[in-house]
Amino acid sequence: MKKILTHPLCIIGILTLAWFAPVLIDFTHQAYGLVGDPSGAIWSFYDSTQRPLTFGPTQPILLAAEGWALTHLFGPVAAYNLLSIAAFFLTAWWGYRFFATLMPRGWALFAALVVAWSPYHVLQSMQHLGIASIQYLMLLLWLLARAWRTPTSASAVLVGVAGALVVLHDYYLALIAGVILITFSILFITRYRVKGIIHASTSALVAGALTVPFLWEIVKSVFVSGTIPVNLGLPVREATESAVYSIRAANFVVPPLDHPLVGSVTEVAARVQLLGSNLFEQTFWLGIVALGIAGAMLVLKVPRSLRHAKVVAIILIVLGLLFGVSSYNGTHLEPSALAAVIHAVAPVFRVWARFGVLVVIGVSILATLGLTRMSQHPKTRVFALLAAGFILIEIFMLPPRSFEVSAQIVPGGLKRLAVDSSDVSMVVYPLAPSGEIRDSIYRTWTMFVPIKLWNLESGWNTHTLTREDYINPFDSQTLARLKGQGVRYLALDLTAYTQGAVPPEIMRYYDPLFPNFPLGYPFPTNPIPPELKELSDYSNGTIRIFEIK
């Protein structure tokens, strides 16, 4: 029994279940994380089961397929929770297998837990399921490490499969994995020559065979036009945003505002250094102890058995900083040269700070190598255990969060209207762009009440008009356009007008100067037009509902 309980798989499983205890209590209605992007993901899982199954280049097919299958079996909220649990459990397990190729197994487990429950991974998991699913990246690193030691045809195929899993699960992680694979291929060919070329080519062919059929439109557009065009449906980001969402030194030394000991003291510092970004993207804190030990290991010699681990850590850190850090031209930040080149071809990418996950992994390796060295000498063994304890205290600081996804979140007036009317074709204002937090919340309403939400149709994208042409709900021309498209009711979400684009529980993670009231969020000031008749029986303090006459 003791052998089972001390097995790494069991330890990781127990920690994962303990972490997700808040959602395990009500697995089908309490969703892990914070309202926002998770709301949109949950709705997308639900929506995929309400129509014929289709996948396009705008959504990574593996993540979408996982959500579709699990939703059919357990429901959309449970599906989201299960994928979140997998992101922690498999990251720790495959991370352990990877680190075990570099260091003693006991310390490999420690390093895996540090990465899996690092503030970066936890914060990303609260908002971005795809980015938080770094388990496939850890699987790729593990298989690369095995192939480096024993290159075989089987190892080449497995590396290709792992690379394909990353690509098909999240496009940002696909970019990071691509950089890792190119770097490894160069090193592999340098070491093994012809055998290295064969191995790298085999991995590339396997990965290509598994991914290109699903990404053919993207691949073809890059070959034909040299870039990914907007008509594919992928978002086009401004190049200037690449500098906003880039790694900065303060991201490593300022504790997140949720730290139970110093979070309240450092909250102002944690937010003002964001420069327009948010803490979900900009937190790479691993604690002062881990950072100090890692820094020392950069200059200290390590035993021969640990040199390979140090080299791997340095490579990962260099790659993370090379792509993730912006440059300063004397007046403002600019994306790194490599980031700018990639953005020119693939303007969908802007959050280069996500390369910081490689820095987190690299620093974790270096810090654990230092602990390994100390633990090998009787005089410093106690210090190693104390340092490990301090590191765990510094990183295990973010309480797990959850939010309600049930009929309880739907405004009562809207539920009553859905019961009383057989045709609830409705538009909800403020008219948040697709993908914004408010739009994601509105989408989840349709999971529990039978309403046809015009917001989901993106009506302004199917005509020559734009979102701005529909932005004012009290404009007669806007109402005529909506009525002409079959919209019968108009609802004003008073909570959104009061709080802004980002709810308070999310806004605390943003730059204080973040513009929380973008176009269309200020409450309309012109008088209610005669085309609108307010339904007082359904309106209340959270929502006002009108009939378009």
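Structure: see above.
Summary of the structure given here.

Calculation rules
- Residues numbered from 1 in each chain as written.
- Predicted model: local features only at pLDDT ≥ 70, side-chain atom pairs only at ≥ 80, totals over all residues.
- Heavy atoms only, no water.
- Helix = DSSP H or I, 4+ residues; strand = E, 2+ residues; numbered from the N terminus.
- Rg over C-alpha atoms; globule rule 2.2 N^0.38 Å.
- Buried < 20%, exposed > 50% of the residue type's maximum accessible area, 1.4 Å probe, protein only.
- Contact = heavy atoms within 4.5 Å.
- Areas by Shrake-Rupley, 256 points an atom, 1.4 Å probe, with all protein chains shown as cover.
- Lys, Arg positive; Asp, Glu negative; His and termini not counted.
- Charge placed at Lys NZ, Arg CZ, Asp CG, Glu CD.
- Axes fitted to C-alpha atoms, helices over the stretch in contact; angles between N-to-C directions.
- Left-handed = near helix turned anticlockwise from the far one by under 90°.
- Nonpolar A, V, L, I, M, F, W, Y, C, P; charged D, E, K, R; others polar.
- Phe/Tyr/Trp six-rings, centres within 6.5 Å; stacked < 30°, edge-to-face > 60°.
- Pairing = 2+ DSSP bridges.
- 1 Å grid on protein atoms, 1.4 Å probe; cavity = no way out; pocket = protein on both sides within 12 Å on 5 of 7 lines; lining within 4 Å.
- Points joined across faces, edges and corners; volume = space filled by probe spheres on them.
- Salt bridge = Lys/Arg side-chain N within 4 Å of Asp/Glu carboxyl O.
- Parallel < 35°, antiparallel > 145°, perpendicular 65-115°, else oblique.
- Expected span 1.5 Å × (residues − 1).

### Notes on the overall build of the chain
- The number of helices and strands found in the chain is 28 helices and 9 strands.
- What you see for the chain is a C-alpha radius of gyration of 25 Å, in line with the 24 Å of a compact globule of 549 residues.
- Taken across its 549 residues, the chain has 55% of its residues classed as buried.
- The long-range share in the chain, meaning contacts at least 24 apart out of those at least 6 apart in sequence, stands at 76%.
- Within the structure as shown, the chain displays about 23400 Å² of accessible surface, and the carbon and sulfur contribution to it stands at 67%.
- Computed over 37 positive and 29 negative side-chain charges, the inter-centroid distance for the chain is 19 Å.

### Side note on the packing of helix 4 (residues 37-48) against helix 24 (residues 437-445)
- Across the interface, helix 4 lies against helix 24 with an axial gap of 8 Å and an inter-helix angle of 35°. Here helix 4 and helix 24 pass one another in a crossing that is left-handed. Touching Ser-39, Gly-40 and Trp-43 of helix 4 are Ser-440, Ile-441, Arg-443 and Thr-444, all from helix 24.
- Classifying every residue of the contact of helix 4 with helix 24 by side-chain character gives 2 nonpolar, 4 polar and 1 charged.

### Considerations on unusual backbone geometry
- Between Tyr-429 and Pro-430 the backbone carries a cis peptide bond, its omega angle lying at 5°.
- Checked against the element boundaries, Pro-430 lands in the loop between strand 5 (425-429) and helix 24.
- Non-glycine residue Arg-193 carries a positive phi angle of around 55°.
- Take Arg-193: it is sitting in the loop between helix 12 (171-192) and helix 13 (194-225).
- Given a relative accessible area of 59%, Arg-193 falls into the exposed group.

### Things to note about the packing of aromatic side chains
- Within this structure, the stated rule accounts for 27 aromatic pairs.
- For the ring pair Trp-117 and Phe-396, a centre distance of 6.2 Å and an interplane angle of 65° mean the geometry is edge-to-face. On the criterion of sequence distance, the pair formed by Trp-117 in the loop between helix 7 (105-116) and helix 8 (119-125) and Phe-396 in the loop between helix 22 (381-395) and strand 4 (402-404) is long-range, its members being 279 residues apart.
- Both rings, one in Trp-454 and one in Tyr-470, keep their centres 5.0 Å apart while their planes meet at 45°; by these two values the pair is tilted.

### With respect to the sheet that holds strand 8 (residues 532-534)
- As summarised here, the arrangement of the 5 strands in space is 6-5-7-9-8, forming an open sheet in which the pairing is mixed. The strands lining the two open edges of the sheet, one partner per strand, are strand 6 (452-453) and strand 8.
- Note that strand 7 (residues 489-493) and strand 9 (residues 543-548) share 5 bridges and pair antiparallel. Within the sheet, the bridge partner assigned to Asp-493 lies in strand 9 and is Ile-543.
- Its contacts with the sheet put helix 24 on strand 5, strand 6, strand 7 and strand 9, and the angle it makes with strand 5 is roughly 150°.

### As for the layout of surface pockets
- Estimates place the volume of the second largest pocket at around 1000 Å³.
- Every residue lining the second largest pocket is counted, 37 residues in all, and those nearest its centre are Val-167, Ala-174, Leu-175, Gly-178 and Leu-215.
- Broken down by secondary-structure element, the contributors of at least two residues to the lining of the second largest pocket are helix 11 (153-169), helix 12, helix 13 and helix 20 (337-345).
- Looking at the lining of the second largest pocket, its residues break down into 29 nonpolar, 8 polar and no charged.

### Topic: the pattern of salt bridges
- Within the structure shown, the criterion is met by 9 salt bridges.
- Salt-bridge contacts for Arg-51 lead to Asp-47; the nearest nitrogen and oxygen are separated by 2.9 Å.
- Linking Arg-544 and Glu-534 is a salt bridge whose minimum nitrogen-to-oxygen distance equals 2.8 Å. Here Arg-544 is found in strand 9, whereas its partner Glu-534 is found in strand 8, with 10 residues between them in sequence.
- Note on Arg-544: relative accessible area 21%, which makes it partly exposed.
- Taken together, the shared-partner salt bridges connect Asp-258, Arg-401 and Arg-508 into one network.

### So, the packing of helix 4 against helix 5 (residues 61-74)
- Running from N to C, helix 4 and helix 5 point in directions that differ by 65°, and their axes come no closer than 8 Å. With respect to helix 5, the axis of helix 4 lies roughly perpendicular. Both helix 4 and helix 5 take part in a crossing whose hand is right-handed. Only Leu-63, Gly-67, Trp-68 and Thr-71 of helix 5 make contact with helix 4, whose side of the interface consists of Phe-45, Tyr-46 and Ser-48.

### Examining the pairing of strand 5
- Within strand 5, 5 of the 5 residues are buried, which leaves it mostly tucked inside the rest of the structure.
- Here strand 5 shows a buried face lined by Ser-425, Val-427 and Tyr-429 and a second buried face lined by Met-426 and Val-428.

### Quick word on helix 4
- Counted at 1.5 Å a residue, the expected span for helix 4 with its 12 residues is 16 Å, and the 17 Å between its end C-alpha atoms agrees.
- Looking only at helix 4, the buried set comprises Pro-38, Ser-39, Gly-40, Ala-41, Ile-42, Trp-43, Phe-45, Tyr-46, Asp-47 and Ser-48.

### Concerning the pairing of strand 9
- Sheet topology places strand 8 next to strand 9; 3 bridges connect them, and they run antiparallel. Across the sheet, residue Lys-533 finds its bridge partner in strand 9, namely Glu-547.

### So, helix 5
- Over its 14 residues, helix 5 extends 20 Å from the first C-alpha to the last, a length consistent with the 20 Å expected when each residue adds 1.5 Å.
- Among all positions of helix 5, only Ile-61, Leu-63, Ala-64, Glu-66, Gly-67, Leu-70 and Thr-71 are buried.
- The secondary structure elements touched by the buried residues of helix 5 are helix 4, helix 6 (76-99), helix 9 (129-132), helix 10 (135-149), helix 11 and helix 13.
- Looking one or two residues beyond helix 5, the residue adopting positive phi is Gly-75, at roughly 100°.

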